[in-house]
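Listed below are the residues making up each chain.
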Amino acid sequence: MPKILVVDDEKVLVKGIKFNLENEGYQVETGSDGEEAVEKARVGQFDLIILDLMMPGMDGVEAMKRIRAILGKDKKDVPVVALTANAVSTANEMFLREGFDAFLAKPIVITELERVLKKVLPKSRLTVEVP
């Protein structure tokens, strides 16, 4: 079963994403800040990490960079998706330039979540056929 880490300081948003992903057959672990994201990524085995950009303490960009450094040592290629309320047209380029594999705009639209899953996860790790 594919395992996804979702990290955002908005608990209601995290619960909603978790609910939808679990209904699709994914195993979901959650966190609420950048430090927690880094620690969970260090000890866990995830197929995908979804990180909010604006969190108290360590933001999503710094957390992603630390996660990449940790996972890079073990030669693990785990996609990291930015979660943001700032979804302007130039934002996608900035997220990719920073090192994210994709981004999701808030509020989350389930079809967009499914589209991103299809884009960043290997076909063998998808739990449902996404058009």
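1. Remarks on empty space enclosed by the protein
Within the structure shown, the criterion is met by one cavity of 30 Å³ or more. Empty space within the largest cavity amounts to approximately 40 Å³. Of the residues that constitute the lining of the largest cavity, the class distribution is five nonpolar, two polar and one charged.

2. Observations concerning helix H2 (residues 34-43)
Among the residues of H2, those classed as buried are Gly34, Ala37, Val38, Lys40 and Ala41. Sitting at the amino-terminal end of H2 is Asp33, which places a side-chain oxygen 3.2 Å from the backbone nitrogen of Glu35.

3. Let's talk about unusual backbone geometry
The omega torsion across Lys106 and Pro107 is -5°, close enough to zero to call that bond cis. Along the chain, the position of Pro107 falls in the loop between strand E5 (102-105) and helix H5 (110-120).

4. Examining the packing of aromatic side chains
By the definition in use, this model includes two aromatic pairs. A centroid spacing of 6.5 Å and a plane angle of 90° characterise the contact between Phe95 and Phe100, whose relative ring orientation is edge-to-face. Here the two residues Phe95 and Phe100 agree in accessibility, since each one is buried. Ring centres of Phe95 and Phe103 lie 5.1 Å apart, and the angle between their planes is 45°; this geometry places the pair in the tilted category. Phe103 matches Phe95 in its accessibility class, with the two residues each being buried. A network of ring pairs unites the aromatic residues Phe95, Phe100 and Phe103 as a single cluster.

5. Re the nonpolar core
With 22 residues, the main nonpolar core has Ile49, Leu51, Ile67 and Phe100 as its most contacted residues. When residues of this core are traced back to their parent elements, those giving at least two are strand E1 (3-7), H2, strand E3 (48-52), helix H3 (60-73) and strand E4 (80-84). In terms of residues, this core owes the most to one element, H3, which gives five residues. Sequence-distant contacts of Phe100, that is, excluding residues within four places in its chain, are made with Leu51, Leu53, Gly60, Val61, Met64, Arg68, Val80, Val81, Ala82 and Phe95.

6. Topic: the sheet that holds E1
Read from one edge of the open sheet, five strands run E2-E1-E3-E4-E5, paired in parallel fashion. In the strand order of this sheet, the two ends are held by strand E2 (27-31) and E5, each with one partner. Taken pair by pair, the neighbouring strands of this sheet meet at an average axis angle of 20°, ignoring direction. In this sheet, E3 lies alongside E1 in parallel orientation, the contact comprising four bridges. From the neighbouring strand, Leu5 faces E3, where its bridge partner is Ile49. Helix-sheet contacts for helix H1 (residues 11-23) involve E1, E2 and E4, and the interaxial angle to E2 is about 170°.

7. Thoughts on the environment of Lys76
By the element assignment, Lys76 lies in the loop between H3 and E4. Lys76 sits in the partly exposed class, given a relative accessible area of 29%. When the C-alpha positions of Lys76 and Leu104 are compared, they lie 22 Å apart, and in sequence the two are 28 residues distant.

Scoring rules and cut-offs
- Starting afresh in each chain, residues are numbered from 1 along the sequence in its written order.
- Owing to the predicted nature of the model, reporting of local features is limited to residues with pLDDT of at least 70; listing and counting of side-chain atom pairs is limited to 80 or more, with chain, interface and lining totals taken over all residues.
- Based on all heavy atoms of the structure, the side-chain values leave hydrogens and waters out of the count.
- We place a 1 Å grid over just the protein atoms. Points where a 1.4 Å probe fits but has no way out form a cavity, open points with protein on both sides within 12 Å along at least 5 of 7 lines form a pocket, and any residue with an atom within 4 Å of a point lines it.
- Grid points are joined across faces, edges and corners, and a volume is the space filled by probe spheres set on the points.
- Each residue receives one of three labels: charged for Asp, Glu, Lys and Arg, nonpolar for Ala, Val, Leu, Ile, Met, Phe, Trp, Tyr, Cys and Pro, and polar for the others, Gly being one of them.
- Only protein chains enter the calculation, and the probe is 1.4 Å; a residue is then buried if its accessible area is under 20% of its type maximum, exposed if over 50%, and partly exposed in between.
- By definition, any uninterrupted DSSP run of H or I lasting at least four residues is a helix, any uninterrupted run of E lasting at least two residues is a strand, and each is numbered from the N terminus.
- Identification of polar contacts relies on pairs of N or O atoms within 3.5 Å, with a donor-acceptor requirement for protein atoms, meaning one able to donate a hydrogen and the other able to accept it, and with residues adjacent in sequence counted only if both atoms are side-chain atoms.
- In summary, the pairing rule links any two rings of Phe, Tyr or Trp, Trp by its six-membered ring, whose centres are within 6.5 Å, and it sorts them by plane angle into stacked for under 30 degrees, edge-to-face for over 60 and tilted for everything else.
- Here, nonpolar core refers to any group of buried Ala, Val, Leu, Ile, Met, Phe, Trp, Tyr and Cys residues whose side-chain atoms link them within 4.5 Å.
- Contact definition: two residues touch when any of their heavy atoms are within 4.5 Å.
- Note on pairing: DSSP must find at least two bridges between two strands before they are called paired.
- Each axis is a line fitted through C-alpha atoms, and for a helix only the stretch in contact is used; angles between axes span 0 to 180 degrees, taken between their N-to-C directions.

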